[in-house]
Number of protein chains: 6
Amino acid sequence: MANNIFLKLLRVPPSTQFACLRSGRSLRKKAAALTAAGSRLSCSNPPPEKISRYPIPYKKDLPYDIVVLMEEVESKGGFLPNVFKVLSHRPAEFRAFFAYYNELMNKDTGRLTKAERELIVVATSSYNKCLYCVVSHGALHRIYSKKPTLSDQVVVNYKNAELTPREHAMLDFAMAVCRSDTITDEHFRSLEEVGFDREDAWDIAAIAAFFAMSNRLAHLTDMRPNLEFFNMGRVPRDKSKNKAEDDL
Amino acid sequence: MANNIFLKLLRVPPSTQFACLRSGRSLRKKAAALTAAGSRLSCSNPPPEKISRYPIPYKKDLPYDIVVLMEEVESKGGFLPNVFKVLSHRPAEFRAFFAYYNELMNKDTGRLTKAERELIVVATSSYNKCLYCVVSHGALHRIYSKKPTLSDQVVVNYKNAELTPREHAMLDFAMAVCRSDTITDEHFRSLEEVGFDREDAWDIAAIAAFFAMSNRLAHLTDMRPNLEFFNMGRVPRDKSKNKAEDDL
Amino acid sequence: MANNIFLKLLRVPPSTQFACLRSGRSLRKKAAALTAAGSRLSCSNPPPEKISRYPIPYKKDLPYDIVVLMEEVESKGGFLPNVFKVLSHRPAEFRAFFAYYNELMNKDTGRLTKAERELIVVATSSYNKCLYCVVSHGALHRIYSKKPTLSDQVVVNYKNAELTPREHAMLDFAMAVCRSDTITDEHFRSLEEVGFDREDAWDIAAIAAFFAMSNRLAHLTDMRPNLEFFNMGRVPRDKSKNKAEDDL
Amino acid sequence: MANNIFLKLLRVPPSTQFACLRSGRSLRKKAAALTAAGSRLSCSNPPPEKISRYPIPYKKDLPYDIVVLMEEVESKGGFLPNVFKVLSHRPAEFRAFFAYYNELMNKDTGRLTKAERELIVVATSSYNKCLYCVVSHGALHRIYSKKPTLSDQVVVNYKNAELTPREHAMLDFAMAVCRSDTITDEHFRSLEEVGFDREDAWDIAAIAAFFAMSNRLAHLTDMRPNLEFFNMGRVPRDKSKNKAEDDL
Amino acid sequence: MANNIFLKLLRVPPSTQFACLRSGRSLRKKAAALTAAGSRLSCSNPPPEKISRYPIPYKKDLPYDIVVLMEEVESKGGFLPNVFKVLSHRPAEFRAFFAYYNELMNKDTGRLTKAERELIVVATSSYNKCLYCVVSHGALHRIYSKKPTLSDQVVVNYKNAELTPREHAMLDFAMAVCRSDTITDEHFRSLEEVGFDREDAWDIAAIAAFFAMSNRLAHLTDMRPNLEFFNMGRVPRDKSKNKAEDDL
Amino acid sequence: MANNIFLKLLRVPPSTQFACLRSGRSLRKKAAALTAAGSRLSCSNPPPEKISRYPIPYKKDLPYDIVVLMEEVESKGGFLPNVFKVLSHRPAEFRAFFAYYNELMNKDTGRLTKAERELIVVATSSYNKCLYCVVSHGALHRIYSKKPTLSDQVVVNYKNAELTPREHAMLDFAMAVCRSDTITDEHFRSLEEVGFDREDAWDIAAIAAFFAMSNRLAHLTDMRPNLEFFNMGRVPRDKSKNKAEDDL
């Protein structure tokens, strides 16, 4: 039940997801109401630590659909990942970003497991030296894979991490895309040898390509990872598990 | 009237743009009707030349909203840029891609001219060795800027191209983002010296970041530019101007 | 008949080519006469645009043999490529440069076609970010190959350009030389697989090496390509063809 | 008289230098006579060690002007540098190469000393990993500069070699050209600070550019330095000096 | 009292440390006795997971001084870091390695804190992609600094980590040494600006240099970090603290 | 007898080598006596040329064991290599450094010859642009190998140096370690093909790793090679051989 993290959230029906697009951008009234109701959203209580080089909008100033999305993410995951706050500085770009993200990271088809998708993000984001994505997706990988040290290994050096041949080939391909190498038939053959077809290749490459973008946006904004991410998924859960990890 | 190219097309109201999201993905009936009506869309008449490593869907198999978008683009621009055909292999990703693209490249606010946005694409795509983006956005730059040789110069070496100090600083910043450099206050100061503020910085960086993704998708698919792009905007128009350039 | 471009010019008999070497350097009288006669050489009518960081000599100050060469090149090709003007700042180096150039680019022996030689120049000059050579030799390639888009493809990325296996192997070797890689027997084997022998290897390498020099001289002088080069060979010729392209 | 090395040789009057160009290329009769007379040229007595990947022509098969040049070089310098033998495989290119070389390395004008020119060759050839040029021009530098260890220092790392600020600035500029950097006004300013003007800049850059070519030709041919070069100029001369170093 | 980790261990008096050197290398008798006594050393109970590409010696086969050192380290730290086991494959090199390590990392003089020394190791080892050193010294940094996330930040990108200007300058210098840059007076000036003198520079550089070696030995042996390191120092200690972290 | 160079010196029994460790660091009395006795150690007569960025201690201020070591090295080798003087600035690090050095470079076991060990140092130090190590170990290689030009070749480019396949494979592996590549089974297989086993691999890698450290210490201190090294081993010895080379 749990463990589906805020990402699942994004798999909402399109009608909800892009409601904003239909209703315009200045839903001040509704937003004001929401704020009055006492939102738990941290962007209305700006945190002392700086999470972006750009201003974080107050919730009351955000379009309704974005507020709804944020609240759902936060209530499910226990905290709101900073990428939501930071990118809400540009609501229209926010919507396109998360629609794309959702499509690539939460799809139910294809051979890539959720853990494998996160591993692609970790490896390529480490190459791009993106603090936010390495730390947050490293956490997600730990949770999905239930392997508490593999993402740390991949951050340092995927070439000698404890990977299966399949994972290794997957990351070799993802890194070729990450470096903007010219992709050749040889690349596809290497994937086929471990059981990935051309549609899987697209999935791997699209994730690597999307995070090529995300990493650069994080550099632009100096996006900082939530403290919660650093320890998420590191220790086996027991009775006294905390809510953040439990509900993901 | 002319010169607004297929891009303007994308500035359609959200309600239209994401109609597909409301109406589901399998609009076989409508699409079939469209095809029966004798579409001019080249993807229903697959061209002899190969434009992607992945199959190009027949129009009849595409969601209605995508078909509508393609037809509008083609009727306005005189031809359908191959990126539409190639990415339609994944309709959901297609929608997110073009929504994002539209937001960044066709926005009416900010200090960046359309020509400047294209110049960012040309410079960063050249660094990433992306044939499709260099050729197609080089063409768009020629049309928007009415400078027939500047984009060719930037393809080879933006550092000695005939740029204004403002354009030079803009490309220096875009290239820092393109390389995934760690962005510092120093970068923002260099932009401020030529009159760009932090919101302009976001615009520049977001374009560079988005094409970091696009370039990699083009490498994945081995996307080929339409022949029309190579010569677009190279010669001053006269009476015998051809339609493709005239209507853009 | 046409299409032999200014290069053919350089295939003049040595007695003419190096006449200057016999007759000394200050042929003021003859040069003055030439100038009086109303030369069409643009260096006597310095163009408004800046084509070099160094001064362009007036024709009357140039040695006779260089003036003769320039006039022949201009009359045959319709315009004088700027490299002639820029390098005439150093007449003795000018002579050695063009003697070498002529030997490599205009020889009648060996398996390399003229178009292939130009392709080597385009690929290696693009790597070296040399605006002048990319633009001017891209133009020559279009004319010799009658392929209007191939050089543009190679400028961006020869690895996914529409090349034959022979052309691809040729450029792989040229790029190894261009990067100053240590050349091994393996390199020669790759050439042999597509039908090039060791003498062809020398031809390819010598062109790559010569343009390693040329590219750097162009960087030194900030040499600018003639505007004519940008569009040369892009469109099929018809009745209203202009002289520049017709006579090349 | 001594110490002027084979290079001075090349400063012969143009009429002699390019005699071959007037008299045609197949002077078999004269060459045969020369050979009969018992030439000391090692290319007629091919050395046991391999000095090139390409065949070294027999003297009798070489054009007369090249034989004359080789004999003069050898009689003055005590041995014939292998570059003459290796490049004689292509006589026409040989002539252009040495005409250019002579113009750049043996000119009497400008602020660059002979030792400084050699230092440029050593630094840039080391970057290009060219064995022949590093070893042979390292030797020439030792002789011209009378500094027996400076070239060895520059081979390893010019940045901490015992250079004057002038030499350091000169090599910084030469290395920028060597790497095919885009040359800017800033580069010229750095040279001016140590007393070099724009003509000196051309001299420095032209040498760096010419050896960008030479280094690549040496890689192509796997050109090996003569053993004599390794020790030339390392020890102060005394009474028992050997001929090779004495006559240079 | 605690928190002094196995490192302090190494600050044993030289007479003890190098006892082995006096007493010869084959202390089979004593070692056998030790083993008989039931050592807790894991190398006598080889762990199931593979920690090195080379064999790990049984304790009974190790020289006495090394066994003594290992036992002290293990009893103080709660576990024996794998580097001790892996390098004991070469006892003489083991001794030199840890003598050097001890001298650099455990010295009581100089301005560098223990946490700063570990930070240098983390930053440079990340550049060298050394899994063992990044994970183990990241752990030590967390413990010494009591900052649970800073080392993770530095692993990804020290340039945007939450560093003081002093730490930033320290890492800039360490990275210059790590990359084998030519060190200049400018480097020392940058250190002086934040209060480091030349002796501190030596300390920083010597650590960076020593781990240049260590990282490469870890690559050679495919050295794997102990699982304990991954979580060490991540969570604030409370009553139920585990022994491993408590005693360090 | 001869040719054993100062290195052999370091193969002294541990009891002597680390005597200092037992006897403390301030042996002022003995050192003073030594100095009074008229030491030939150059560090008591500081040379005019600068050999380090850090002060060179006077012999009287050095620990006794270090003085003894230096005097033995100097008396055997004819001169004291500057690395001893430069590193004596930090006596404790000096001891660890030379103990390690001795272990790797002077061991009597394994398949690596002394010349091969030196060749590893030359190739890797050249990559790291370390003047001191290239010059001093190039000299040692000449002496051990009796090949007067091979180290100069390797300094410039080991890939086309006159190496045996065994030497070539050895340097390929050493360079992989030098660059901090991730070492894989493939690397070991390449070594096995030329007869090296895993223990030899350790030897090669440990030398490359140790000099990764040494090169960086040399950069820190701007360590300058003794003049003697530049010419050592270049000329075949005859009757009038000089002492420095004779006694090594």
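Cut-offs applied
- Residues numbered from 1 in each chain as written.
- Chains lettered and ligands numbered in written order.
- Predicted model: local features only at pLDDT ≥ 70, side-chain atom pairs only at ≥ 80, totals over all residues.
- Heavy atoms only, no water.
- Helix = DSSP H or I, 4+ residues; strand = E, 2+ residues; numbered from the N terminus.
- Buried < 20%, exposed > 50% of the residue type's maximum accessible area, 1.4 Å probe, protein only.
- Contact = heavy atoms within 4.5 Å.
- Areas by Shrake-Rupley, 256 points an atom, 1.4 Å probe, with all protein chains shown as cover.
- Least-squares fit on C-alpha atoms with pLDDT ≥ 70 in both.
- Buried area = accessible area lost by both parts, 1.4 Å probe.
- Salt bridge = Lys/Arg side-chain N within 4 Å of Asp/Glu carboxyl O.
- Polar contact = N/O pair within 3.5 Å; in protein donor to acceptor, adjacent residues only side chain to side chain.
- Nonpolar A, V, L, I, M, F, W, Y, C, P; charged D, E, K, R; others polar.
- Core = buried A, V, L, I, M, F, W, Y, C linked by side-chain atoms within 4.5 Å.
- UniProt positions renumbered as here; feature names shortened; annotations may be inferred.
- pLDDT = per-residue confidence, 0-100.
- Disulfide = S-S within 2.5 Å.
- Expected span 1.5 Å × (residues − 1).

1. Thoughts on the overall build of chain A
Link 1 in the chain: From N to C terminus, chain A includes 15 helices and zero strands.
Link 2 in the chain: The buried share of chain A, reckoned over its 248 residues, is 62%.
Link 3 in the chain: When contacts within chain A are restricted to residue pairs at least 6 apart in sequence, long-range pairs at least 24 apart make up 72% of them.
Link 4 in the chain: Here chain A has roughly 9300 Å² of accessible surface; of this, 54% comes from carbon and sulfur atoms.

2. Digging into the relation of the copies chain E and chain F
Link 1 in the chain: It takes a turn of 180° to lay chain E on chain F, together with a shift of 0.0 Å along the axis; the resulting RMSD is 0.0 Å. This pairing of chains is accounted for by a two-fold axis.
Link 2 in the chain: In this assembly the copies share their binding face: 100% of the residues contributing to the interface of chain E also contribute to that of chain F.

3. Some words on the relation of the copies chain B and chain A
Link 1 in the chain: Least-squares fitting of chain B to chain A yields an RMSD of 0.0 Å, with the transformation described by 0.0 Å of translation along the axis and a rotation of 180°.
Link 2 in the chain: A shared interface surface links the copies, since 100% of the contact residues of chain B are contact residues in chain A too.

4. Quick look at the interface of chain B and chain A
Link 1 in the chain: Each partner contributes residues to the interface: chain B has 49 residues there, and chain A has 49 residues.
Link 2 in the chain: Counting the surface chain B buries against chain A, the share from its top three residues, Tyr100, Trp202 and Arg216 of chain B, is 19%.
Link 3 in the chain: The interface formed by chain B and chain A holds six salt bridges in total.
Link 4 in the chain: Ionic pairing is found between Arg53 of chain B and Asp185 of chain A, a salt bridge with its closest N-O pair at 3.9 Å.
Link 5 in the chain: Summed over the shared surface of chain B and chain A, the result is 21 residue pairs in polar contact (both at pLDDT 80 or more).
Link 6 in the chain: Looking at the side of chain B that touches chain A element by element, the count peaks at 16 residues for helix α13 (residues 198-221) of chain B.
Link 7 in the chain: The residue makeup of the side of chain B that touches chain A, split by class, is 27 nonpolar, eight polar and 14 charged.

5. Observations concerning the environment of Asp197 of chain D
Residue and element names in this part refer to chain D.
Link 1 in the chain: Take Asp197: it is sitting in the loop between α12 (185-192) and α13 (198-221).
Link 2 in the chain: Considered as a pair, Asp197 and Gly110 are 87 residues apart in the sequence and their alpha carbons are 9.5 Å apart.
Link 3 in the chain: Of note is the side chain of Asp197, whose polar atom sits 2.9 Å from the side chain of Arg111.

6. Observations concerning the nonpolar core
Where a protein is soluble and globular, its nonpolar side chains tend to be buried together.
Link 1 in the chain: Formed by 462 residues in total, the largest nonpolar core has its most connected members in Phe97 of chain A, Phe97 of chain B, Phe97 of chain C, Phe97 of chain D, Phe97 of chain E together with Phe97 of chain F.
Link 2 in the chain: Setting aside its immediate chain neighbours within four residues, Phe97 of chain B contacts Tyr100 of chain A together with Val83, Leu87, Phe210, Met213, Ser214 and Leu217 of chain B.

7. Let's talk about unusual backbone geometry
Link 1 in the chain: Despite not being glycine, Lys146 of chain A has its phi angle at roughly 55°, a positive value.
Link 2 in the chain: Position of Lys146 of chain A relative to the elements: it lies in the loop between α9 (131-145) and α10 (150-157).

8. Focus: the UniProt feature "domain: Carboxymuconolactone decarboxylase-like" (unreviewed entry) in chain A
Link 1 in the chain: This chain's UniProt record puts "domain: Carboxymuconolactone decarboxylase-like" (unreviewed entry) on residues 93-138 of chain A.
Link 2 in the chain: The distance from the first to the last C-alpha atom of residues 93-138 of chain A is 25 Å, and the span holds 76% helix and 0% strand.

9. Things to note about the interface of chain E and chain F
Link 1 in the chain: Across the contact, 49 residues belong to chain E and 49 residues belong to chain F.
Link 2 in the chain: Between chain E and chain F, the buried area comes to about 4300 Å², and carbon and sulfur atoms account for 63% of it.
Link 3 in the chain: Considering only the side of chain E, the residues that lose the most area to chain F are Tyr100, Trp202 and Arg216 of chain E, jointly responsible for 20% of the buried surface there.
Link 4 in the chain: The shortest N-O distance in the salt bridge between Arg90 of chain F and Asp203 of chain E comes to 2.6 Å.
Link 5 in the chain: Our count for the chain E to chain F interface comes out at 21 residue pairs in polar contact (both at pLDDT 80 or more).
Link 6 in the chain: Elements supplying a minimum of two residues to the side of chain E that touches chain F: α2 (14-17), α3 (19-23), α6 (82-87), α7 (91-105), α11 (165-178), α12 (185-192) and α13 (198-221) of chain E.
Link 7 in the chain: With 16 residues, α13 of chain E is the single largest residue contributor to the side of chain E that touches chain F.
Link 8 in the chain: Partitioned by chemical class, the residues of the side of chain E that touches chain F number 27 nonpolar, eight polar and 14 charged.

10. Concerning the confidence of the model for chain A
All names here are of chain A.
Link 1 in the chain: A residue-level look at chain A finds 75% of positions with pLDDT of 70 or above and a mean pLDDT of 83.
Link 2 in the chain: Counted against residues more than four places away or in other chains, residues 1-48, with its pLDDT under 50, gives 108 contacts.
Link 3 in the chain: With pLDDT under 50 throughout, residues 239-248 is counted as low confidence; its partners more than four residues away or in other chains account for 25 contacts.
Link 4 in the chain: Overall fold confidence (pTM) sits at 0.85, and the ipTM for the predicted complex is 0.82.

11. Here we look at the state of the cysteines
Link 1 in the chain: Within this structure, the stated rule accounts for zero disulfides over all chains.
Link 2 in the chain: No disulfide involves Cys178 of chain D; its sulfur sits 11 Å from that of Cys130 of chain D, the nearest cysteine.
Link 3 in the chain: For the unlinked cysteine Cys133 of chain F, the closest cysteine sulfur is that of Cys130 of chain F, found at 3.4 Å.
Link 4 in the chain: Given the relative accessible area of 4%, Cys133 of chain F is considered buried.

12. With respect to helix α7 (residues 91-105) of chain B
Link 1 in the chain: Between the first and last C-alpha of α7 of chain B there are 20 Å, a value that for 15 residues agrees with the 21 Å anticipated at 1.5 Å per step.
Link 2 in the chain: The buried fraction of α7 of chain B amounts to 14 of the 15 residues, a majority that puts the element mostly inside the structure.

13. Structural notes on helix α9 (residues 131-145) of chain C
Residues and elements named next belong to chain C.
Link 1 in the chain: With 15 residues, α9 extends 21 Å from end C-alpha to end C-alpha; this agrees with the ideal 21 Å at 1.5 Å per step.
Link 2 in the chain: Of all 15 residues in α9, 15 are buried, a share of seventy percent or more.
Link 3 in the chain: Two residues or fewer after α9 comes Lys146, characterised by a positive phi angle close to 55°.

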